[in-house]
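# A closer look at the structure
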Amino acid sequence: MRFLIVDDHAVVRKGIIEIVHDFVPDIAPDLTFDEATTAAEALRLAARQRHDLILLDISLPDDSGLATLARLKEEDPERPVLILSVHREDEYVVHAFRNGADGYITKSSAPEELREAVTRILEGDVYISPTVAAALATAATGRMRGATGHGAQDGGVPPYGGGVPNGLGGLAALLSAREYEVIARLAQGATVAEIARVMNLSGKTVSTYKTRAMRKLNITNQAELLRFAMRHGLSM
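Residues numbered from 1 in each chain as written. Predicted model: local features only at pLDDT ≥ 70, side-chain atom pairs only at ≥ 80, totals over all residues. Heavy atoms only, no water.

### Describing the packing of aromatic side chains
One pass over the structure, following the stated rule, counts one aromatic pair. Measuring from centroid to centroid gives 5.9 Å for Phe3 and Phe33, while their planes differ by 90°, and the two rings are edge-to-face. With Phe3 in strand β1 (residues 2-6) and Phe33 in strand β2 (residues 32-36), this residue pair connects regions lying 30 residues apart in the sequence. The pair Phe3 / Phe33 is uniform in exposure class, with both members buried. (Phe/Tyr/Trp six-rings, centres within 6.5 Å; stacked < 30°, edge-to-face > 60°. Helix = DSSP H or I, 4+ residues; strand = E, 2+ residues; numbered from the N terminus. Buried < 20%, exposed > 50% of the residue type's maximum accessible area, 1.4 Å probe, protein only.)

### Quick notes on helix α7 (residues 177-187)
Among the 11 residues that make up α7, nine are buried, leaving the element largely enclosed by the rest of the structure. Within α7, the full set of buried residues consists of Ala177, Glu179, Tyr180, Glu181, Val182, Ile183, Ala184, Leu186 and Ala187. Of the surrounding secondary structure, the elements contacted by the buried residues of α7 are α4 (90-98), α8 (192-199), α9 (203-216) and α10 (222-232). Taken from the residues just after α7, Gly189 is the one with a positive phi, measuring 100°. (Contact = heavy atoms within 4.5 Å.)

### A word on the pattern of salt bridges
In the structure shown here, the tally under the stated rule is 18 salt bridges. In this structure, Arg120 and Glu116 form a salt bridge, with 3.3 Å as the shortest nitrogen-oxygen distance. Residue Arg120 and its partner Glu116 are located together in helix α5 (residues 111-122), separated by four residues, close to a single helical turn. For Arg120, a relative accessible area of 25% translates into the label partly exposed. Members of the salt-bridge network, linked through shared partners, are Lys73, Asp102, Glu179, Arg212 and Lys216. (Salt bridge = Lys/Arg side-chain N within 4 Å of Asp/Glu carboxyl O.)

### Some details on helix α3 (residues 65-75)
Of all 11 residues making up α3, eight are buried, and the element is well covered by its neighbours. Considered for burial, the residues of α3 that qualify are Gly65, Leu66, Ala67, Thr68, Leu69, Ala70, Leu72 and Lys73. Structurally, α3 contributes buried residues whose contacts are with α2 (39-48), β3 (53-57), β4 (81-85), α4 and α9. The opening residue of α3, the one whose side-chain oxygen lies 3.0 Å from the backbone nitrogen of Leu66, is Ser64. (Polar contact = N/O pair within 3.5 Å; in protein donor to acceptor, adjacent residues only side chain to side chain.)

Spelled out as structure tokens, the structure:
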């Protein structure tokens, strides 16, 4: 198992390695780490080596961590990425998940939260802390920029070249454009094979988007998905 840690502060990288080493060897004794200090270096390492998890700082010296996240996910949507941030604001969280993040924690989080996030993501889940979920559930959707994905402070990029309707609030605001499109088409009765053909993706990638979206929305089956779609008017 191999992790990539992307942060321009050596002390942060060292701290993460020490925390992860306390529990991951129980799962993967052969765990190794790659380290990057810039977005460019991270993209080069990710292109050369398959990583089981990338831990990505949201603030990097040469580019936005959100822009880097979008590029990593564009190249490989199934690549797991956990965002590490000093920001607690809903705007950063939403931009991160819309750009494909598999989890988001702040650098002030307790080691136990990092452990839970890493464990959940390695199991194929999406990690949303109770604190983040509660904040998003009550956040005003008017604060979001919608389809542009740009924020004045974060230097983000449009998530997958599209947007999610502003009317979707709470956890639904975390959907990336492609996750939204997949579940909207599923709700309209399309099969995974049909969606893959229309979106020019593999069936496996479509299934990945479906799984990620349903986990973000706390939906466990097709019936719940249809009810959600009717309630929120999902459409293409």
